[in-house]
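Residues per chain are reported as follows:
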Amino acid sequence: MLSQDFMLLHDNARPHSAGATQNLIQQFGWEQFDHPPYSPDLAPSDYHLFLNLKRDFGGRRFDRDDDAQNAAQQWLSSLAASFIEEGIDKLVSRYDKCLNNGGNYVEK
């Protein structure tokens, strides 16, 4: 895969918008999409990962923080690569919907 085949969508956090980072992105020839402000619905962790984690852990109680951390680590380890790929694939249509909504939140 050539570096020109990459597209970046990231927020405007300082490490992402720093001059050195922007220079590297230009050097690699990567296309960059702006992340609309206050749009957590474009973060795969928010609309895909945590949605499923919440569903799978709904109603479970843990006596200790360590128990919850271990259960979450086991759950993450059990995910197939296709699960992650599915979340990333959904990003394209969600980003398109967000742009068509003027940057507003995307419905399910």
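The model shown is predicted, which means the values in this text are computed figures rather than measured ones.

**Description of the layout of surface pockets**
Move 1: Of the voids in this model, the largest pocket is the one considered here, and its volume is about 340 Å³.
Move 2: If you go around the largest pocket, the residues you meet are Met7, Leu8, Leu9, Phe33, Ile88, Asp89, Leu91, Val92, Tyr95 and Asp96.
Move 3: Within the residue set of the lining of the largest pocket, elements represented by two or more residues are β1 (7-10) and α5 (81-100).
Move 4: Among the residues making up the lining of the largest pocket, the classes are represented as eight nonpolar, no polar and two charged.
Move 5: Taken domain by domain, the lining of the largest pocket gets at least three of its residues from each of domain 1 (1-34) and domain 2 (36-107).

**Things to note about the side chain of His48**
Move 1: Counting through the fold element by element, His48 comes out in helix α3 (residues 44-57).
Move 2: You can call His48 buried: its relative accessible area is 4%.
Move 3: For His48, the residues in contact, after removing those within four places along its chain, are Phe83, Glu86, Gly87 and Lys90.

**Some details on α5**
Move 1: Counted at 1.5 Å a residue, the expected span for α5 with its 20 residues is 28 Å, and the 30 Å between its end C-alpha atoms agrees.
Move 2: Bending of α5 peaks at approximately 25° at the position of Val92.
Move 3: When α5 is considered as a whole, its buried residues turn out to be Phe83, Gly87, Leu91, Arg94, Tyr95 and Cys98.
Move 4: Check the buried side of α5 and you find it contacts β1, β2 (31-34), α3 and α4 (65-78).

Calculation rules
Residues numbered from 1 in each chain as written. Predicted model: local features only at pLDDT ≥ 70, side-chain atom pairs only at ≥ 80, totals over all residues. Heavy atoms only, no water. 1 Å grid on protein atoms, 1.4 Å probe; cavity = no way out; pocket = protein on both sides within 12 Å on 5 of 7 lines; lining within 4 Å. Points joined across faces, edges and corners; volume = space filled by probe spheres on them. Helix = DSSP H or I, 4+ residues; strand = E, 2+ residues; numbered from the N terminus. Nonpolar A, V, L, I, M, F, W, Y, C, P; charged D, E, K, R; others polar. Domains from an automatic or database assignment. Buried < 20%, exposed > 50% of the residue type's maximum accessible area, 1.4 Å probe, protein only. Contact = heavy atoms within 4.5 Å. Expected span 1.5 Å × (residues − 1). Bend = angle between axes of the 7 residues up to and from the residue.

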